[in-house]
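# Structural overview for review
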Amino acid sequence: MTAVLKPTLARCLWVAPAFAAIAILITVAARALVGMDPVLQESTLLTVAYIAGGIGFVVGIGGFDYWWTWMTGGELDPNDHSTHGAKSWRDYFKFNTDHKVIGIQYVVFTFIMFLVGGMFAMVFRSELARPAAQSLSPEQYNGLLSQHGVIMIFVFLVPVFAGIGNYVIPLMIGAADMAFPRLNALSFWLLPVAAFTLLTSFMFGSFDAGWTGYPTLSQQSGYGMTLYQLGVQLAGASSIATAVNFLVTIITMRAPGMTLFRMPLLVWANLATSALVVAATPFIAGAMFMAMFDREMGTHFFTIGGGGDTLVYQHIFWFYSHPAVYIMILPGFGIISEVIATHSRKPIFGYRAVAFSSAGIAILGFAVWAHHMFASGMQPWLRVPIMISTLLIAIPTGIKIFSWLGTLWGGVVRLTTANLFAVGFIFTFVIGGLSGVMVAVVPFDVSITNSYFIVAHFHYVLFGGSIMTVYAGFYHWYPKVTGRMYNELLGRWHFWITFVALNVTFFPMHYLGLLGMPRRVMDYDPQFAWMNTLISIAAFVLGASTLIFVYNMIHSARHGKLAGANPWAGLTLEWMLSSPPPTFNFPTTPRVIGGPYRYGEEGARHAIIPEAEPASVEKVGA
Amino acid sequence: MKTLKVFPLVIIGTAVGAIISVLLIVLRTLPVQASAEASDIDNLYIFFLGFSGVIFGIVVLFLLVSVYRFRARPNDEREGINLHGITWLEVVWTVIPFIIVVLCGAGGWWVLDRNDVEAQARSKGQVVHVLGQQYGWKYDYMTKGIELKEQQELVLPVNEPVIFEITSPDVIHSFWVPAWRLQMNATPGQTNEVSTIPTLIGEYDIICAYLCGVGHTAMNSALPDSIIPKVRVVSRADFDAWIAQQKTAAAEVAATASADTAVSSS
């Protein structure tokens, strides 16, 4: 009985519906009281229910318990760490304030969403395997492709990096936790709400205007479109809260001696990313709110004939969504720097250049949004400046690639699975980067935009780029998180199948686009049949390769070899702790005495953890 | 410490890259060049393939050579060389990409500008209103002396400039003729202008490139059994004949319609 009153998922099961019901009651009652039709339209009530139910879920899981008690003058014990750290697997399904638990919650949840989003791709790739329509209706097809994009971007790629950062960054900077642990947990628990909102839209006529949800098509869509707008806002709120948390944590909680230029590059990358998130995400929230008001409240921000303008939506949308591309790759760059330096036993070549290039990308990232709109009919004068800023962003990106090559050169390269993914990433990301330079150039872009060439380009950047770095990070920190080694042989199989299948899937798409196959279609010119069949087969292989990864991760967590504290002989702070690290990380505050990548230097250390009396460690941990 | 000389490798990388570039350029598959802009844009693309192949070749060669040459042996406890950077090298690999992107930008700007200047010179060209709608295209010929409304088919005289004024009554579509290397959105609430000169007689596919709803896939004349007519570029004489024919047809339709009205009102 008490389980339904304590902050658990069981409590969510009644609090969320209760909140939804109360919200509906208030709406209906308020309308009835002033003498209006109590139920004007069901969709309004549904929207109210989703918003209140989402808040109810977060209340149910315990997101506001501490603040509520504090606000109402209840008794609080500042040393109560009962919600901190996981003692059994059940704790991962509770509101937990330990950054390591939250990191794992993030990574596991987002990876499941990755599998769901991948499944959608499998379904429509099977439709595309042969010309002509087969199993799917156009409504289903458009719904699946829109869901694929939204799930992958908003509940996989953006938050998975928040998850990896959550686990690793406090350890790397020598902190006990994130700056705001409760806010941190709250940001995580918003994500399941966002995912629920997006995925249940299938029940009400799925959103079907692509992941961009441009009006005026979005105004014609079924009710699912409102849920898309709501879901993106929820994921965005989660993202902003996490970014604020990272900013404060990185700026204020670094261990003594960790100057800016002694920060590991992953920390640099997350600092730049978080600044980008905080500044850019409110724009998409704004766009989504206005588009939702248009649909649900009859406003005219983007409606034609009411004084609205559809081009405005595109500008606001891309003002976030282009920086979002860097939000999805900069932390990955950070991971690659860590992985390559550690596994190649060599300092990062040109540390400052790599650090500054992250900052450069973050700043330039704000001046390139309109390159998504070269054929949109926007102001013609905007084309050339945006083309130039877009081309310039290739330079800091190039600096990073060359620096990683310089790091490998003259090292002692251990081709662990983590490093294989890092090396493979350079190969695939260069292809995505070069096609990015091509599509930046206006006349070429308008000849192929909205075609499969673009699909090829951004999948090389997001799969060949971001997802390869995610895998590299997973394998790199797996021993730290679980205390056990993954199976190298399975890891290598996973890498090679992924690498080959991803290139066979995405490379032919360039040619399809050049020859005139538009994106987001379920049928095509029969001359493209063999290429589409090839792509579909490779896509299924790519999907199947994740099963090897999942098996390896689950099986090795119980049966892998014990890893010990530092299996890779890394120098950064997280490797100085046991695997997995103790609940409160460091027994005493570490002191940073040098750079993070002093490989090849005799007896070099990045930091020291002063000796502590064992008794005091016990006390903090208990 | 085994180190390889870097410069010979750069040369080999460039050579390997050049071979990749040549392969990419030879194996490029593009639609037929059927407009005045097409060759400029294709030349840009060939330039992209040229430098992309070289950069890709150098990067991948260095990647493979470092991974092989500097690989760790079993139980290898050695460390890499303690090298934190070489400033001049970092300057070089900042400046070279800078030069490449400046060339890309200059090339792109030049082609764009040329097309814009030509577009101005085309102000005397054929003006065609293009209406993209769910799910098909309609064309209004606006030029004086032609003035033909609501055509299902786009027919144009070869080697004569044409200005498209594109709009939509419902949702965003995109007017894409790959053979002309031309795309422009049909945006509701505004008219987007774009121009070209068709240079080759023939039939070309017209494709809606922007997701516009359940019928989006079907707005593609390349599909078998498509109800969307292909774009036809014909000689001036054929064009005039087509115009005359359409006018007669329109007059007949109008006559039948007025006759019907007369019948029904009597």
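Since we're looking at a predicted model, the values are computed, not measured. Counting restarts for each chain, with residues numbered from 1 along the sequence as it is written. Chains and ligands are labelled sequentially in the order written, the chains with letters from A and the ligands with numbers from 1. A pLDDT threshold of at least 70 governs which residues receive local features in this predicted model, and a stricter bar of 80 or more applies before side-chain atom pairs are shown or counted, although totals over entire chains, interfaces and linings include all residues.

Residues and elements named next belong to chain A. Partitioning chain A into structural domains gives domain 1 (9-71) and domain 2 (100-559). Computed over C-alpha atoms only, the centres of domain 1 and domain 2 are separated by 32 Å. Domain 1 puts 12 residues into the contact, and the matching count from domain 2 is 13 residues. The leading source of residues in the side of domain 1 that touches domain 2 is helix α2 (residues 42-61), at 10 residues. For the side of domain 1 that touches domain 2, the class distribution of residues is 7 nonpolar, 5 polar and no charged. Note: domain ranges come from an automatic or database domain assignment. By definition, residues are in contact whenever their C-beta atoms, placed on the basis of the backbone, come within 7 Å of each other. Strands here mean DSSP runs of E at least two residues long; helices mean DSSP runs of H or I at least four residues long; both are numbered from the N terminus. Under this grouping Gly is polar, as are all residues other than the nonpolar Ala, Val, Leu, Ile, Met, Phe, Trp, Tyr, Cys and Pro and the charged Asp, Glu, Lys and Arg.

A few words on the domain arrangement of chain B. Residue and element names in this part refer to chain B. Once the domains are mapped, chain B shows domain 1 (6-69 + 90-121) and domain 2 (125-256). Distance from the C-alpha centre of domain 1 to the C-alpha centre of domain 2: 34 Å. Its residues placed into classes, the side of domain 1 that touches domain 2 shows 7 nonpolar, 1 polar and 1 charged.

Moving on, we get to unusual backbone geometry. T216 of chain A follows P215 of chain A through a cis peptide bond whose omega is 5 degrees. With respect to the helices and strands, the residue T216 of chain A is situated in the loop between α6 (181-199) and α7 (217-220). With an omega dihedral of -5 degrees, the bond running from Q134 of chain B to Y135 of chain B counts as a cis peptide bond. Here the phi dihedral of R181 of chain B falls at roughly 55 degrees; this positive angle occurs in a residue that is not glycine. Summarising the element assignment, R181 of chain B is placed in the loop between β6 (173-177) and β7 (182-186). Counts of 20 or more other C-beta atoms within 10 Å of a residue's own C-beta define buried residues, counts of 12 or fewer define exposed ones, and intermediate counts define partly exposed ones; C-beta atoms are placed from the backbone. With 28 C-beta atoms counted inside 10 Å, the residue R181 of chain B sits in the buried group.

Interface size, as often reported, equals the accessible area lost upon joining of the parts. At the interface, 76 residues of chain A touch 73 residues of chain B. Each residue belonging to the side of chain A that touches chain B can be placed in one class, and the counts come to 48 nonpolar, 18 polar and 10 charged.

Residue and element names in this part refer to chain B. Judged by pairing direction, the sheet is mixed, and its 3 strands sit side by side in the order β4-β11-β9 without closing on themselves. Looking along the sheet, the strands with just one partner apiece sit at the ends: β4 (155-157) and β9 (202-204). With strand direction ignored, the average angle separating the axes of adjacent strands in the sheet is 25 degrees. Think of it this way: DSSP has to see at least two bridges between two strands before they count as a pair. As judged from the 3 bridges shared by β4 and strand β11 (residues 231-234), these two strands associate in the parallel manner. Bridge pairing links V155 to R232 in β11. Every axis corresponds to a line fitted to the C-alpha atoms, with the helix fit spanning only the stretch in contact, and the corresponding angles, defined between N-to-C directions, vary from 0 to 180 degrees.

Turning to the pairing of strand β2 (residues 136-141) of chain B, a few remarks are in order. All names here are of chain B. Taking every second residue as pointing to the same face, the buried face of β2 carries W137, Y139 and Y141, while none of G136, K138 and D140 on the other face is buried. Where strand β1 (residues 126-133) meets β2, 6 bridges bridge the pair, whose relative direction is antiparallel. Paired with G132 across the strands is W137, a residue of β2. Here 2 bridges tie β2 to strand β3 (residues 148-151), and the two strands are oriented antiparallel to one another. Along β3, the bridge assignment pairs Y141 with L148. The hairpin turn running from β2 into β3, its antiparallel successor, is 6 residues long, and G145 in that turn takes a positive phi close to 90 degrees.

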